Amino acid sequence: MITSTPAVAAAVTGVVGVAVTALLDLGLIAPVALAIGVAVAAACAALLGPRGSGEAASPLHRRLVPLVAGALAILLGLLTAVIADLWLIEPVAYPLGALVGSLLGFWLHRRLGTLLSLAISAVAIAGVLAFALTALVLLVTGVDPVYTFGRMLSYGSQPDSIVTIINTATTYYLSAVAVAIGFKMKLFNIGVDGQYRLAALLAAAVGGAWVLPPGLHQFVIILVAVAVGGFWAGIAGYLKVTRGVSEVISTIMLNSIATGITAYLLSTDRLAIEIGTNNVGTPPIPESGWIPGIPAGFMGANREIFGLSLLAVAVGVGYWLLLNRTRFGFDLRATGQSATAAQASGVDVKKMVLISMVISGMVAGLVGMPQLLGDSHYYALDFPTGLGFTGIAIALLGRNHPVGIALAALFWGFLNHSAQILDIDGIPKEIAVVTQATIVLTVVVVYEIVHRWGRRYEQQQVGKELGRVKVATS
């Protein structure tokens, strides 16, 4: 293995990936050329990287990490190239994708740990199993799975479809983060659906009732939504810490209460007005309360990306910083691992439960904001529902990690949107639901198997290290 400085090694890796892709693009189709180029660059990254000691020197690490890093690099490189190809010429877009994939592959090769690689492998295996089962269902029903998946991929990769997927994934992501905060505390916040719908209704009513200066208007609407979501989730947290009521039961009941309150308030005698035929909603929010979208004309789309997609990114960054860079996050994770041990170390467990539920509800209150402020501008009977339960599945699929949740949300949005084209061909679009349900189930099962195997691997590594220390000191 050749050793070099990280900067030189990264530069060599990037040059190799771009050069191989550009040369092969002369005789092969661009995606294949890119995949081979990034794979060669990943091999160079493995050769140029130091062997290291400890975990990096273990046989499993040396075999698994390069494969996972290479596969991720190829996927990310292809994704970059496909997006860049929407407004750049192909000879530029695919070498650019190769450069991004090669550099990311180099970085991943140095940063990925064995256990994280195992987790990613578990998700990949679950995905393969889910698509295999979906293909089997299609074959049994007399439908060609290759044609079906190809049709979904073709439709889902169109510019307007990409914008729709991103917008849908934005709401999914916020919902999943709200659920994930509870999961980190071993709390099951099933009430996200009720929390975001009640928050969206009251925020829309406040936004439609007043005309405020731009900036302040949006801030007030979002503040109302966050406050309502946090308060509604805080009720479940309070019941748990004071009366021992399971948050599962209380949040389910609060969902029903929120549905009743929403139905009561959403009438022309109270907060609503008539909007169209057989539809009522809150008074429209004036333009001073709208959040403009991000133009997507650069990639040929006629639609705009929700401006609050940037808020979802900020929420994801804040979620990661909260968990990994603050004392509160440490206490939260410690309490989730073992409430008894956390309490013995001085953590107020009841306070942590209450605050965690409130924060989860505050994020849940944001779920309806991209749609409310970026598209509909009022809350009506046709406002999206069921996003809270979708968030549970996405949080499980993303393993409660902000990046994993983002990828899962995009994947979920892709399946939902791309399946719409199947109706034209007489193929049941519900096949996407089969894939979604199967992949969540297989991820949970496969990840648990890999997790148990990973713990045994960790114990073996600790035993080896202790053995080396004992030999060295004897």
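As shown above, the structure is provided for reference.
Residues numbered from 1 in each chain as written. Predicted model: local features only at pLDDT ≥ 70, side-chain atom pairs only at ≥ 80, totals over all residues. Heavy atoms only, no water.

Colleague: For this particular structure, what's the right way to read the pattern of salt bridges?
Modeller: When the charged atoms of two side chains lie near each other, side chains of opposite charge can form a pair. Scanning the model with the defined rule gives five salt bridges in all. The shortest N-O distance in the salt bridge between lysine 240 and glutamate 247 comes to 3.1 Å. Judged by its relative accessible area of 28%, lysine 240 is partly exposed. In this structure, the salt-bridge partner of aspartate 331 is arginine 327, at a minimum N-O distance of 3.2 Å. Here aspartate 331 pairs with arginine 327, and both are found in helix α12 (residues 327-337), just four residues apart, close to one helical turn. (Salt bridge = Lys/Arg side-chain N within 4 Å of Asp/Glu carboxyl O. Buried < 20%, exposed > 50% of the residue type's maximum accessible area, 1.4 Å probe, protein only. Helix = DSSP H or I, 4+ residues; strand = E, 2+ residues; numbered from the N terminus.)

Colleague: Mind showing me how you'd approach the packing of helix α11 (residues 309-324) against α12 here?
Modeller: To describe two helices that pack against each other, one gives the angle between their axes and the distance between the axes. At a minimum axis separation of 5 Å, α11 and α12 run at an interaxial angle of 75°. What the angle tells us is that α11 and α12 run roughly perpendicular. Facing α11, whose interface residues are Leu322, Leu323 and Asn324, α12 presents Phe328, Gly329, Phe330, Leu332 and Arg333. Of the residues in the contact of α11 with α12, the class split is five nonpolar, two polar and one charged. (Axes fitted to C-alpha atoms, helices over the stretch in contact; angles between N-to-C directions. Parallel < 35°, antiparallel > 145°, perpendicular 65-115°, else oblique. Contact = heavy atoms within 4.5 Å. Nonpolar A, V, L, I, M, F, W, Y, C, P; charged D, E, K, R; others polar.)

Colleague: Help me out: how do you make sense of the packing of helix α2 (residues 30-48) against helix α4 (residues 90-111) in this one?
Modeller: Two elements in contact, α2 and α4, have axes separated by 9 Å at closest approach and are oriented at 30°. Accordingly, the angle class assigned to the pair α2 and α4 is roughly parallel. When the axes of α2 and α4 are compared, the crossing they make is right-handed. Across the interface between the two elements, Ala30, Pro31, Leu34, Val38, Ala41, Ala45, Ala46 and Leu48 from α2 touch Glu90, Tyr94, Gly97, Ala98, Gly101, Ser102, Phe106, His109 and Arg110 from α4. (Left-handed = near helix turned anticlockwise from the far one by under 90°.)

Colleague: Would you explain the side chain of histidine 109 in this entry?
Modeller: By secondary structure assignment, the location of histidine 109 is in helix α4. Filtering out sequence-adjacent residues up to four positions away, histidine 109 remains in contact with Ala45, Ala46, Val65, Pro66 and Ala69.

Colleague: Would you mind showing me how to read helix α5 (residues 114-140) here?
Modeller: The periodicity of an α-helix, 3.6 residues per turn, causes residues three or four positions apart to be oriented the same way. Over its 27 residues, α5 runs 39 Å from end to end, which matches the ideal 39 Å to within 8%, given 1.5 Å per residue. Regarding α5, the residues found buried are Thr114, Ser117, Leu118, Ala119, Ser121, Ala122, Ala126, Gly127, Ala130, Thr134, Ala135 and Leu138. Among the residues trailing α5, glycine 142 stands out with phi positive, at a value near 85°. (Expected span 1.5 Å × (residues − 1).)

Colleague: Please clarify how the packing of aromatic side chains should be interpreted in this entry.
Modeller: For the coordinates displayed, the defined rule picks out four aromatic pairs. For the ring pair phenylalanine 183 and phenylalanine 188, a centre distance of 5.4 Å and an interplane angle of 55° mean the geometry is tilted. By relative accessible area, which is 31% here, phenylalanine 188 ends up partly exposed. Aromatic ring contacts, followed pair by pair, group Phe131, Phe149 and Phe411 into a single cluster. Its end group placed over the ring of tyrosine 264, arginine 270 keeps NZ or CZ at 3.8 Å from the ring centre. (Phe/Tyr/Trp six-rings, centres within 6.5 Å; stacked < 30°, edge-to-face > 60°. Lys NZ or Arg CZ within 6 Å of the ring centre and 35° of its normal.)

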